[in-house]
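# Residue-level structural notes
For reference, the chains in residue letters:
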Amino acid sequence: MLETVPNGRTMEFVPQLTKPAVRLHLLVVDADPPMRSACVEIATSLGYAVESTGDLGQARSLLRGRAADILLVNLPTGNNHGLELVAEVKLLYPETAVIAMTASGSVNAAVEAMRCGATDYLSKPFAIDELSTVLERAAATHVTDTATRQLRERLRLSQGLGARIGRSGEMEKLYRILSKVAQSTHPVLVLGESGTGKELVARTIHAYGPNSQKPFLPVDCGSLVPTLIESELFGYVKGAFTGANRSKDGLLVSAEGGTVFLDEIGELPLDLQAKLLRALQEKEVRPVGATHRIPIKARIVAATNRDLAAMVENGAFRKDLFYRLNVVNLRLPSLRERREDIPLLAAHFLDRNSRQYHTKFTLSDEALRTMMRHDWPGNVRELEHSVEHACALASGPMLHLGDLPTQLRNRGMEAERTTSMSDESPGVAGAVPAVKTLADLERDAILGAIRTLKGDKLQAAKLLGIGKTTLYRKLKEYGIVDPLRES
C-alpha cells in the first residue's frame, strides 16, 4: 500500500513486527487526509488503538470522551490553534504524550511546541521508520511515567513501610523523586538532619525496587569501630584475627543483589573509604585475612547528616567515593520546613498510640498550636516521642499542653502568655482602608490582556511574561470555562 504525502514524496506502508507491550490509545490530528491516513495505517500496524480527525474542534470532543495516551498533532502554519491545543491538553491531561508535526524547516514552531509541553516532534515529510521511532519513544515514556505516577501515589497513601506522611510541597517533590529512584539500581545518597527518616527512605527505595525480594542489610558506620565495620562490610576468613573461628561473608556479599544501607557514611575512616571505593568499582571484595576475591552484586544506599561536599573540600571524605555514591541525591526536608505536615504526623502517631492504649486520644487546641510553633530540632523522631510521652502521661483522652514534654510545655506557655498580652493591647483607631489583594490584581491583569488581544491566550502569556501552562492554570483557578470543555 502506498500513501502520497506533501512534496510528492511517497510513503510505502510496510507492516512492522515491533508492537507496544500495552495497547495504547493514539489520536492523530491533521487536516491533510493522505498524511492522516498514512499515520493511522502505520500506527495501527504497530499495535496502537488509533482515532483520527482533521478538525481541532472534533479533536477536543474526542479528548473529552477519552483522554489519549499519545496525541500526534499537526501544527498548521499561519495560526496558533495547534499550539493552543498542545498547551490545553498538557494542562488538562498531563499524562498524555504529545508529538507535534511541523512543516519542513519550521524550527520555531517545533521549539514553541516543546515549550507548550510537547515531548517530541516530526518535520514533514518524514519516513516510516522516523514515525515508528518517535511513537515507540513516546510509548516507552508514557508507560514509564504511568508506572512512576502509580508508585508515587502508593508512596503517598501507604501507611506501612513506605509511609512518608505529608502533603506539603517538599513531600510531594520527595514522592516524585522516590518513585523514579526506586525503579532503578543506581547508588543513592540520602541527606538530611537526624530524625528526618533516612533509613525509612532507604527501606522504601528497596521495598519498591526491582529486587525487593532480596535482603535489605543496614550497617551503622558511626557506631562501630573501624575493624568491625571492615569485617561487617567485607567479611573475613577463619583465623584472620583472634576469635575468628570460622569464615563469614560480609554484607556486600550477603546482599546477593539486594540493598546495603550505609548509615552515617560520613563517619567512615579514610582507609575504609578507599577499600569501599575499590569494591564498588571492581564489584568484588577481599575478605579480611584472605588472598582471594569474591564478586558482589548489591545496591548501595548511603545516608548522612553531615555536609559531605564540605568534607570533600576539607579532605575528610574521598572525592571519588563521593561521586560514586552521589549518582542520585535525595535531601530530606526538616520538619520545620514542612510545618503543614505536623497535624498529619501527629494524627498518625496519636492513632498508633490509641490502638496501643485502647483510648481514642485527641489533641487540645493549645497543644496543637504549641506543636506548630516548635522548631523540632529532632524532626519527626522528636515529634513521635513527644506524642508518645503525652499519651503515656495523659489522665484522659484529651492531650493538653501540660502533658507535653517539658521543653515544649514551657515554650507553649510562654507563647500563650504573649498572645494573651497582644489581645489585651488597645487597637488602632480608625478603619483600615480597602486594598486590592495581589491575587485580584493578577487576575485583572490576565483577563485584561486576553480581552485586549481578542482571546489570543498565547500572545497574552507572552505579553504578561508568564508561561502558557501557567496562564491556563490561572484561568482554571479563576473558574473560567475551560476551552476543552466547551462544545
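Remember, it's a predicted structure, so these values are computed and weren't measured experimentally. (Residues numbered from 1 in each chain as written. Predicted model: local features only at pLDDT ≥ 70, side-chain atom pairs only at ≥ 80, totals over all residues. Heavy atoms only, no water.)

### As for the overall build of the chain
Helix and strand counts for the chain come out as 19 helices and 18 strands. In the chain, which comprises 487 residues, the proportion classed as buried is 45%. Relative to all contacts within the chain whose residues are 6 or more apart in sequence, the contacts with residues 24 or more apart total 71%. If you sum the accessible surface of the chain, you get close to 24,700 Å²; carbon and sulfur atoms cover 52% of it. (Helix = DSSP H or I, 4+ residues; strand = E, 2+ residues; numbered from the N terminus. Buried < 20%, exposed > 50% of the residue type's maximum accessible area, 1.4 Å probe, protein only. Contact = heavy atoms within 4.5 Å. Areas by Shrake-Rupley, 256 points an atom, 1.4 Å probe, with all protein chains shown as cover.)

### Some details on the packing of helix α8 (residues 226–234) against helix α10 (residues 270–282)
At a closest axis distance of 11 Å, the pairing of α8 and α10 adopts a crossing angle of 10 degrees. Taken together, the axes of α8 and α10 lie roughly parallel to each other. Within the contact between the two elements, α8 uses P226, I229, E230 and F234 and α10 uses L272, K275, L276 and A279. (Axes fitted to C-alpha atoms, helices over the stretch in contact; angles between N-to-C directions. Parallel < 35°, antiparallel > 145°, perpendicular 65-115°, else oblique.)

### Details of the pattern of salt bridges
Inspection of every chain in the model, using the stated rule, returns 18 salt bridges. Across the pair R60 and E88 runs a salt bridge whose closest N-O atoms are separated by 3.3 Å. On the criterion of sequence distance, the pair formed by R60 in helix α2 (residues 56–65) and E88 in helix α3 (residues 81–92) is long-range, its members being 28 residues apart. No difference in accessibility class separates R60 from E88, as the two residues are buried. R115 serves as the salt-bridge partner of E112, at 3.7 Å between the closest nitrogen and oxygen. With E112 and R115 both in helix α4 (residues 107–116) and 3 residues apart, this pair spans about one turn of that helix. Overlapping salt bridges bring together R352, E384 and E388 as one network. (Salt bridge = Lys/Arg side-chain N within 4 Å of Asp/Glu carboxyl O.)

### Remarks on the sheet that holds strand β8 (residues 188–191)
Across the sheet, 5 strands lie side by side as β9-β12-β15-β8-β16; this open sheet has parallel pairing. The open sheet has two free edges, formed respectively by β9 (216–220) and β16 (328–331), since each of these has just one partner strand. Each neighbouring strand pair of the sheet contributes to a mean axis angle of 20 degrees, computed without reference to strand direction. Pairing between strand β12 (residues 259–263) and strand β15 (residues 299–304): 4 bridges, direction parallel. Each bridged residue has a counterpart across the sheet, and for V260 the counterpart in β15 is I300. Each of β8, β15 and β16 touches helix α6 (residues 169–181); the most contacted strand, β16, lies at about 150 degrees to it. Sitting on the sheet, helix α7 (residues 198–207) touches β8, β9, β12, β15 and β16, and the angle it makes with β9 is about 155 degrees. (Pairing = 2+ DSSP bridges.)

### Notes on a nonpolar patch on the surface
A contiguous nonpolar surface patch, about 230 Å² in accessible area, is contributed by L224, V225 and L228. Looking at the secondary structure, you find L224 in the loop between β9 and α8. Residue classification places L224 among the partly exposed residues on the basis of a relative accessible area of 30%. (Patch = residues over 30% accessible without salt bridge, like charges linked within 9 Å, V, L, I, M, F, W, Y side chains within 5 Å.)

### Considering the nonpolar core
Grouped together as the largest cluster of nonpolar side chains are 32 residues, with contacts concentrated most on F234, L252, L262, I265, L276, F317 and L325. Among the elements that make up this core, the one with the highest residue count is α10 (5 residues). With residues up to four places along the chain from it excluded, the contact list for F317 reads I265, G266, L270, Q273, L308, M311, V312, F322 and L325. With 24 residues, the next largest nonpolar core counts L91, V98, A100 and A118 among its residues. (Core = buried A, V, L, I, M, F, W, Y, C linked by side-chain atoms within 4.5 Å.)

### Here we look at the side chain of N74
Relative to the helices and strands, N74 is located in strand β5 (residues 70–74). With residues up to four places along the chain from it excluded, the contact list for N74 reads V29, D30, M101 and K124.

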